[in-house]
Each structure stands twice: as structure tokens, then as C-alpha cells.
Amino acid sequence: MLKYVLKRLLAAAVTLFIILALAFAVVRLMPGSVYDDPNLDQAIIDMLIERAHLDKPIHIQFYYFLKGVVMDKDWGTSVKVEPGVPAFQVLANRIPVSLQINLISLLISVPIGIVAGIVAALQKNRGADTLISVGVIIFISVPSFVFASLMQYFLAYKLKLFPILYQPSAVGALRLKSMVLPIAALSLSPIATITRYLRGELIEVLGSEYMLLAKTKGLGRFKATVKHAFRNASLPMMNVIVPMFANIVGGSMVIERLFSIPGVGGTMIKSINANDHSLTVATLMFYAMISIGTALLVDLSYGLVDPRVRVGGKKDE
Amino acid sequence: MRKRLLFFLSLLIVALALAGCNPSEPPPSPEAAPKIFKWISSGEDNSINPHDCNAAPNYEIVDFIQVALYQIVPAESRDKSYYVPALAEDYPVAEDDYVWTIKVNPEAKWANGEPIDANTFIYSWKMGLDPDLAWNSTSSIANQYILVKNGLEYYQQKGTDKDGNPNPAVDWEDVGLKALDDYTLEITTAQKYTEQEVIRHFAVRSTSPVYEPIYEECMNADRTGNSYGTSLEKFMGCGPFNLTNWVKASERTFEKNENFINAHLIKLDGIEGRVVLDEATRLELFESGDSDYVALGANGLAKYAEDPSLISYDQKAIRTIEVNRNNPDKAFLQDPLVRKAIFHAIDRNTIADLTFTTAAPFFLSYSGVSFADGTLYRQMEEANEWLPANGGYDPDLAKELFDEALEKYNLDKMSLSLHYSEGMDALRTASEYIQNQLPQIFGEDKFELKLQAIQHTAALALMRTSNEGPTTEWDMCWSGWHLGAETYEPHKKFAPYRSYATNKYSPYSNDFLDDNYEKLLTEEYRFDERKTFDATVEIEKSIILDDITCIPVIQEKAFVLWSERIVLPVDEYTVGLGFGWRFMDMEE
């Protein structure tokens, strides 16, 4: 297992380096310049370009960039999106806000999705199942920002039950209240995804022979479902739930825009539009690290959830 | 005994009650509610450093928390504005034609109560013009309304000249910005200027002071970068309000700065601001009373177009179509004949109606002031009498010119492209209209226009490629300069259209503009506003009637709503001051 983990870590490092090189090249070769402010005199622009080595060939630029990263842990400084702020600091300032909203959303989504999935599977083709399935279809097919807009309009603007905007500096009840709508909007789709997936898995498992055996041995339906069926159905669920964690730090551009949440969503697009190269590369690397880390986590989690799975175990060697 | 005790107690209560009723003091009135302006902004701020403040969302904040030697204030007549000393004690004094002295007010203080003196300004200006820091909006310290002796040379010394040779080194000692003593500044200019020009110059945002202890802490090791003003902790203000809470691009809270030198002019107690990018949400906040102000976009206008409380005003930007004169495949674009045909084929009035803008068959906006009494350039008859009728739209003339061009260049058909910036709805609508309209005028089989959306900064970069050499990448592209200096010197708008301008969008070749612009910079013209005005008209004529240096189409307009409780200091949007936000009041 350890060898497997080390191998995967090495592969992840190589992948990250390739992504870094590609990201750097693509971003630097994009049309437009970091220093395109029309107020800036050409003489100054020339000096800044020279100072940032942007007048050098791309491989030399990459060398200077890597040197900065390795020697000084310097990923560059944002020039446009947050001028003067180190690129990773820009992300570090914004991630906690997105993380808070998205983590709560996920913590709510998982149990609700599981309960709804179990109910739908146990009540297959009955009223409750139909109701849940209709909800699932709606929540999956309608984008979250539509629900967000509707909730903002009716619950906040019309009924005044919640603040229209997220309150980043408020404390206590007002802060929590201002988080309800964005969290609710973000939760609907994950709840539907988990419900649909679990319902399908459970229905398959519930019809299996060992479930029949469990029932004939006198186990109640609920107990048999939770103790045996759910456990077996939850293994493929890891494929759905764990990647959701990757989205937690990614933020949601539209929801954040709608509720004025100062999160990380949209940083990538903003930095690309603004030709803020350092921030674009840093953001790309951040997402790459999250994605690769998540993929690794999914693989390793199989072994933890199901003892039958022994990734990189002795059998393979 | 018990009765007697009750009697004395009653007496005591009455005595105490009477003691509390002092006839000379009226009973205390309930405390007036603080005047808090609820401000919803649509722009994402990212810096409050006056040296690195080059976008409207940042100006909006900095203008509340910073002030310079002078500041613009509303006149009591509510229709004009004028400059008063702020951190300066009085108006500048001319020692001779090129040397001015300004006294710093000994009462001037930072928000934390520490004094501001002449050395504060010298440090701030030196840092602003520092060639290694190379701030992108500080050349205005040396060259906005006045040209400070050796100021630009100091700022640009690490760059190269037009021929690629390194610029000569300049010592700070040679720059015309000096402190004669703790409270006296001496300014040496490169040319002769009026008192108003000097005052205006030292009211510019970038000339406001920075707080040295924090600024030095924010400097990087090799002094080539500085993070001043990137967070609340890295800033100290001296303006009308103190920023007490700042979540970038989301939330900002201000409290009145009691240490502000002109605090008596400020009526508000504070401001609670949020940044809301979504227009529908901004409207909801305004309608629910959570905002005192809203700037309307297309959706809001659809709802409030007929509302009597809707206020509109012209913005500086004239949206023009730039034409690539360096396209080897389409050499005909160099010919004013083709540009004229397109100019006259555009129905500006209809486009303006569709896009909630103003038709602009002209180059200089409605917001430039030409005369000391506040008369705007476009208010003058001479600036308008020559303008083509019907907003320049003349389909017959357009067709005639177009056919002539086809014949001249032996063409059967002209296929052009037009790039417009993504996210700018007015430009997209205008582009689509032009795409439909031009073939109808020129002939469906003779003219074709392809549209391409492009990210705004990429569009600017794309246009500039034609300065570096022949390029077939673009034919036409929307642009629109709006320069700070054009407010009081409308002719400054011509600067980027000179053939030798470094930041131009296309290799222009309007010799008349080149020659006459230089004249406008001489003392002979600058001290004669009528002469300047006449020359400005002649240059604009050459752009519109002869060369069609670029094709002006619309002038941007802004639409806003104010809540009823806001009392603005001016009756309408005023050039230079705007609505005078800092000086607004609120109904009790």
C-alpha cells in the first residue's frame, strides 16, 4: 500500500509539473500583454516587460518562473485582479469564504441525499419514490443559479425572511441567516445527484440473494437495508461524493456573484480576462492540485470502505 | 408616625421630580438617527493605494478616504463646483512664471491624528514617481494639468526612448518638487501655467499623500514593488471618511473622519457599501430600501425608462470604430473614402435609442469644459454647426461613396470584420444593427460584415498589432478613449490619435491633427481659451469631415436612481464633481 501511495504521489508530482509547464506556456502565449494599461507610457511598459523577463523566449521565462517558485516560493504577484498581492495570497484570502459555504452545503447534501435515496429505494414505484424522483429530475436539470434567483426574489426580497446578500462581516445569527440561501441553492443539485445514485444502487442491492437471506434470518427491512444494502451500495457512491469535495474549494461563480460572496469562484476567468498571468497560472495549479489530490483520495478510499479492495496489495505483486 | 413618613416621602418625590425639571433646559429630544448612506456599487475594487488607483471602482473608494492639497466642492448655487484648499492652507502663489509655492495647512492630519506636512507630500510624490516602482497611474503627479520640471524624466528614466536607447538618469534633486520648510512646498514647472491649472493639478487623486510608516513596511526587499493599500491594515487615509471595514469586491463601511481638514463640509455620518455585480439583485436592494442608489443597466431601464425620478447623464467615453490601416489584404481601408462611406451609413440615432446612449457624430464628448466660466465645449455653437445633419446618417451619400470606392479599387464586394468587446451589451447591439444595416445600404451582394466578440483587453492588444507591422487579423474594432485630462482640456482627447502617439490603436496619419495638437500645447494657445477652443474645433472637423480618423458612433450615458431620503448638493450631474457624493445629506 505504501509503495502504491508513493508511486501515485510521484506520478502526481510529474503530472503537476507537466500541467504547470503547459499552463505557463499557454498563458504566456495568449494574445495581449500583462502591461497593457493605456495610461502607462511605452517607456515604462518596456521597462516592466524587461524586468519581468517577458521579452525573453518562453523557455527562459519558464526558467525564471521555476527559479522563483523553488528558491523563493514566489508564484508571482497579481498585477490586475488584486494588484500587488502575491498570487497564492489572492487565493488564500478567497478560499475560506467559498470553503465555508460549500462545505456546509456538502455536509447538508450528503445525509439528505442518503436519506432520500434510501426512502426512494424502499418505496420504489410508490408515491414517495415518485415525488422524490420528480424532485431529483428538477434539481438536476435546472441550474442552481435559477433556484438561487428564485429563492432570492421570493424568500429574501418579497417575504424578507433572509438578507438578499451574504454578509461577510456580520457575526452570529445574521451571518448564518445570510448563508441560508446560497447554501440551499448550492445543495439542491448534490442532494439530487446523491439521491439518484443511491436509489439506483440500493434497488439493485435490495434485490440480491444475500438481502433475501438477511430477511429470512429475521432482520427487519430497515435494519437489513442500512446494515447490509447501504454498506454495499456506498462503495460506488465514493465516486460521486469524494469529487464533490473538489468543488468545495472551487466556489461557484454564479452563486457568489448573485449573493455578493467574496469567494474564489470566477478568479480564474477574471485573471484570464485581465491578462493577470501570474494569478492565472497559480489558480490553474491550485485546481490541478485539488483534482489530482481528489483522484488519489478516491482510489485510496476504496480500500478503506471495502476491505475486499486491496489496491497495490500483495496479490498484484 | 406612618402618615408622617408617607407625607415626607411624597414631599421628597415631588422635590426630586421638580429638581429634574429645569425650565432653562428643554427636555432632551430623542437622539437623531445617524445619517448612513447605503451604497450599492457594481464595480469590483482591488486597491485603495492612490499610487495604484486606475479603475473606477477604486476611485470611488479612494475619493471617500483620501484628499489632496485641493478639492472640488459644490457651489451654493447647486449648479457648479469650484476648488478649495484641503490639505493646503491657501491657494498657490506664483513666485515667477515657473515657480509656485503652496503652504500645507498646519492643521492637516491623518485619520490617526498624526500631522501631515510638506515632507509628507515630497515623500509621497517621490514614491509615486519612483522609476523602480513604476506605478501605472502616477505619471499624473508630473504631468496632468501642469508639467513638473523633470518629473516625467525622473519617472521614465529606467525606460528607453523611441530609438530604443536608455533614457538618461535623473536625480530626484533635479525634479521640480521641493519642501522649502516643514509647511512650504515649491513647485517648479516646465511651462508657464495659470493658478487654476496648478490648483486642478494638486487636486488630482494621485497627488494625495501616502502614509510613510505603512508605505515603507509594504515595500518589497528590492524596492520594486509595494503592497500599500491592498488591505485595510496597509492603509492610512486623510479624507472625509475612514474606511473601517473592507472586504475586497464585496463590502466596505465608512465612518466620518473627524480629523478631516474640511470635516465641516461633510454631512453624512457614515456609508455602508456593498458590491453587487448582478443587476437584478441591485434593483431588488434599491426597491427594498437596502440601497440609496442604483445605476441601471438595460434590464433596469426597461422597467424605469418612464420613471420621472430617473436621472441620466452623459459619460466621457465616445464609442468609436477603429479601422485597421495596416491591413495588406484590404489597402482600401487606408482611404478616407471607405471610412466616410461607413461613417454616413451608420444610423446613430436609432442605435442610440436601442442602446440607451447618445448619438455621437462627433469626437469630443458632452462633458468637456472649454471655458473658465464652466461653458462646455459642446455647448458652443461653433462646435456643433458644422456637424453632419441627422447624426451623420446619409444613406444616399454613403452608397455613392461606397460605389466610388468599389470602382476605385476595382472590387465587386467588400467583406469586413468588426470586433466588439464581450460583456458590453451596447456594443453588441450596435454591432448587430450595423451588420444588418450596412448591406441594406451598400447592397447585399456588395458588402458583408462579420461580427466577432472578443475579450476587451484582447481587443486592445489586437488593434495595437497594426502598429507593429502589417496585419490581417482585424479590419474594424470598437474602441473608446476617455482621459482624465479631457474634462478641462477637451483637446487632450486627440493625444492618442497623433501619428506619433505610443499608445495608439492604429497607424494614424492625420497631419492636420499632428501639427495643430502641438500648437495647442504652447503657451500662446494655453493662455488663450478662445484660441484653444477654435483650434480644437478645427481639429475635430478634420477628424470628422476629412480624415475620418476613426468612426464615432455613440456617447455612453449613465442612468441612476436615488432614494428620496438623499439630498444631493447639486441639482444635476456636474462636470468635475459628478453628483458630489461626499457632500450629500439626508432627510431626517
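Residues numbered from 1 in each chain as written. Chains lettered and ligands numbered in written order. Predicted model: local features only at pLDDT ≥ 70, side-chain atom pairs only at ≥ 80, totals over all residues. Heavy atoms only, no water.

## A word on the overall build of chain B
Part 1 of the reasoning: On a plain count of helices and strands, chain B comes out with 17 helices and 19 strands.
Part 2 of the reasoning: If one aligns the C-alpha atoms of chain B with their principal axes, the spans along those axes are about 125 × 60 × 45 Å.
Part 3 of the reasoning: When the 588 residues of chain B are sorted by exposure, 57% land in the buried category.
Part 4 of the reasoning: Contacts spanning at least 24 positions in sequence make up 69% of the contacts within chain B whose residues lie at least 6 apart. (Helix = DSSP H or I, 4+ residues; strand = E, 2+ residues; numbered from the N terminus. Buried < 20%, exposed > 50% of the residue type's maximum accessible area, 1.4 Å probe, protein only. Contact = heavy atoms within 4.5 Å.)

## What about the interface of chain A and chain B?
Part 1 of the reasoning: At the junction of the two partners, chain A supplies 39 residues and chain B supplies 44 residues.
Part 2 of the reasoning: Between chain A and chain B lies a buried interface of about 3400 Å² when both sides are counted; carbon and sulfur atoms form 51% of it.
Part 3 of the reasoning: Counting the contacts that link chain A with chain B gives three salt bridges.
Part 4 of the reasoning: The partner of Glu-44 of chain B in a salt bridge is Lys-270 of chain A, with the nearest N and O atoms 2.9 Å apart. (Buried area = accessible area lost by both parts, 1.4 Å probe. Salt bridge = Lys/Arg side-chain N within 4 Å of Asp/Glu carboxyl O.)

## Looking at unusual backbone geometry
Part 1 of the reasoning: A positive phi angle, close to 60°, is found at His-53 of chain A, a residue other than glycine.
Part 2 of the reasoning: Positionally, His-53 of chain A belongs in the loop between helix H2 (42-51) and helix H3 (58-72).
Part 3 of the reasoning: At Ala-249 of chain B, a position not held by glycine, the phi torsion is positive, near 55°.
Part 4 of the reasoning: Within the secondary structure layout, Ala-249 of chain B lies in the loop between strand E8 (241-247) and strand E9 (251-256).

## Looking at the domain arrangement of chain B
Residue and element names in this part refer to chain B.
Part 1 of the reasoning: For chain B, the assigned domains read domain 1 (36-292 + 563-586) and domain 2 (316-557).
Part 2 of the reasoning: Across the contact, 14 residues belong to domain 1 and 14 residues belong to domain 2.
Part 3 of the reasoning: Across the domain 1/domain 2 interface, buried area totals approximately 1200 Å², and carbon plus sulfur atoms make up 50% of it.
Part 4 of the reasoning: Inspection of the region where domain 1 meets domain 2 yields one salt bridge.
Part 5 of the reasoning: Partitioned by chemical class, the residues of the side of domain 1 that touches domain 2 number six nonpolar, four polar and four charged. (Domains from an automatic or database assignment. Nonpolar A, V, L, I, M, F, W, Y, C, P; charged D, E, K, R; others polar.)

## As for the domain arrangement of chain A
When the parts come together, some accessible area is lost, and that loss is often what is quoted as the size of the interface.
All names here are of chain A.
Part 1 of the reasoning: One can read the domain layout of chain A as domain 1 (14-72) and domain 2 (91-305).
Part 2 of the reasoning: Taking only C-alpha atoms, the centre of domain 1 and the centre of domain 2 are 38 Å apart.
Part 3 of the reasoning: Tallying the contact residues gives 15 residues for domain 1 and 10 residues for domain 2.
Part 4 of the reasoning: A buried area of about 1100 Å², summed over both sides, lies between domain 1 and domain 2, and 78% of it is on carbon and sulfur atoms.
Part 5 of the reasoning: If you look at where domain 1 meets domain 2, you find zero salt bridges.
Part 6 of the reasoning: Our enumeration of links across domain 1 and domain 2 arrives at zero residue pairs in polar contact (both at pLDDT 80 or more). (Polar contact = N/O pair within 3.5 Å; in protein donor to acceptor, adjacent residues only side chain to side chain.)

## Brief notes about a nonpolar patch on the surface
Part 1 of the reasoning: Taken together, Leu-10, Val-14, Phe-17, Ile-18 and Leu-22 of chain A make up a surface patch of nonpolar side chains, about 500 Å² in accessible area.
Part 2 of the reasoning: Relative to the helices and strands, Val-14 of chain A resides in helix H1 (residues 2-29). (Patch = residues over 30% accessible without salt bridge, like charges linked within 9 Å, V, L, I, M, F, W, Y side chains within 5 Å. Areas by Shrake-Rupley, 256 points an atom, 1.4 Å probe, with all protein chains shown as cover.)

## Let's talk about the confidence of the model for chain B
The predicted coordinates of low-pLDDT regions are not to be read in fine detail.
All names here are of chain B.
Part 1 of the reasoning: Confidence in the prediction for chain B averages 90 pLDDT; 95% of positions are at 70 or higher.
Part 2 of the reasoning: A low-confidence stretch, residues 12-25 (pLDDT under 50), is modelled with zero contacts involving residues beyond four sequence positions or located in other chains.
Part 3 of the reasoning: Scored as a whole, the predicted complex attains pTM 0.84, and scored at its interfaces, ipTM 0.81. (pLDDT = per-residue confidence, 0-100.)

## What about the sheet that holds E9 of chain B?
All names here are of chain B.
Part 1 of the reasoning: On the basis of which strands lie adjacent, the open sheet formed by four strands has the order E1-E10-E9-E8 and mixed pairing. Two strands in the sheet have a free side with no partner beyond their single neighbour: strand E1 (36-41) and E8. In this sheet, adjacent strand axes meet at a mean angle of 15° when their direction is disregarded.
Part 2 of the reasoning: Its contacts with the sheet put helix H2 (residues 56-65) on E1, E8, E9 and strand E10 (270-275), and the angle it makes with E8 is roughly 140°. (Pairing = 2+ DSSP bridges. Axes fitted to C-alpha atoms, helices over the stretch in contact; angles between N-to-C directions.)

## Focus on the confidence of the model for chain A
Residue and element names in this part refer to chain A.
Part 1 of the reasoning: When the pLDDT values of chain A are averaged, the result is 85; 92% of them are 70 or greater.
Part 2 of the reasoning: Confidence, expressed as mean pLDDT per element, reaches its minimum in chain A at helix H9 (residues 221-250) with 76 and its maximum at helix H5 (residues 127-141) with 94.
Part 3 of the reasoning: Low pLDDT, under 50, characterises residues 312-317; the predicted model gives this stretch four contacts beyond four residues in sequence or across chains.

## Observations regarding the nonpolar core
Side chains of a nonpolar character, in soluble globular proteins, are inclined to be buried together.
All names here are of chain B.
Part 1 of the reasoning: Within the largest apolar cluster, 98 residues are counted, with the highest numbers of intra-cluster contacts made by Phe-37, Leu-69, Trp-125, Leu-177, Leu-185, Phe-202 and Trp-562.
Part 2 of the reasoning: With six residues, helix H3 (residues 118-128) is the single largest residue contributor to this core.
Part 3 of the reasoning: In contact with Phe-202, not counting residues within four places along its chain, are Ala-68, Leu-69, Tyr-70, Ile-102, Trp-125, Ile-146, Leu-177, Ile-187 and Thr-207.
Part 4 of the reasoning: Counting 73 residues, the second largest nonpolar core, distinct from the first, contains Ile-321, Ile-441, Leu-462 and Ala-495. (Core = buried A, V, L, I, M, F, W, Y, C linked by side-chain atoms within 4.5 Å.)

## Description of a negative patch on the surface
Residues and elements named next belong to chain B.
Part 1 of the reasoning: A surface patch of like charges, here negative, comprises Asp-394, Asp-396, Glu-400, Glu-404 and Glu-407.
Part 2 of the reasoning: In this fold, Asp-394 is placed in the loop between strand E13 (358-359) and helix H12 (395-408).
Part 3 of the reasoning: Residue Asp-394 is classed as partly exposed on the basis of its relative accessible area of 31%. (Lys, Arg positive; Asp, Glu negative; His and termini not counted. Charge placed at Lys NZ, Arg CZ, Asp CG, Glu CD.)

## Brief notes about the packing of helix H10 (residues 336-345) of chain B against helix H17 (residues 529-547) of chain B
Residues and elements named next belong to chain B.
Part 1 of the reasoning: Their axes nearest at 9 Å, the elements H10 and H17 cross at an angle of 95°. Judged by the inter-axis angle, H10 sits roughly perpendicular to H17. Side by side, H10 and H17 meet where Pro-336, Arg-339, Lys-340 and Phe-343 of the first sit next to Ile-544, Leu-545, Asp-546 and Asp-547 of the second.
Part 2 of the reasoning: The residue inventory of the contact of H10 with H17, partitioned by class, reads four nonpolar, no polar and four charged. (Parallel < 35°, antiparallel > 145°, perpendicular 65-115°, else oblique.)

## Looking at the pattern of salt bridges
Part 1 of the reasoning: Enumeration over the complete set of coordinates arrives at 31 salt bridges over all chains.
Part 2 of the reasoning: Between Asp-132 of chain B and Arg-51 of chain A there is a salt bridge; the shortest N-O distance is 4.0 Å. Taken together, the residues Asp-132 of chain B in the loop between H3 and helix H4 (139-142) and Arg-51 of chain A in helix H2 connect one chain to another.
Part 3 of the reasoning: Classification of Asp-132 of chain B as partly exposed rests on a relative accessible area of 25%.

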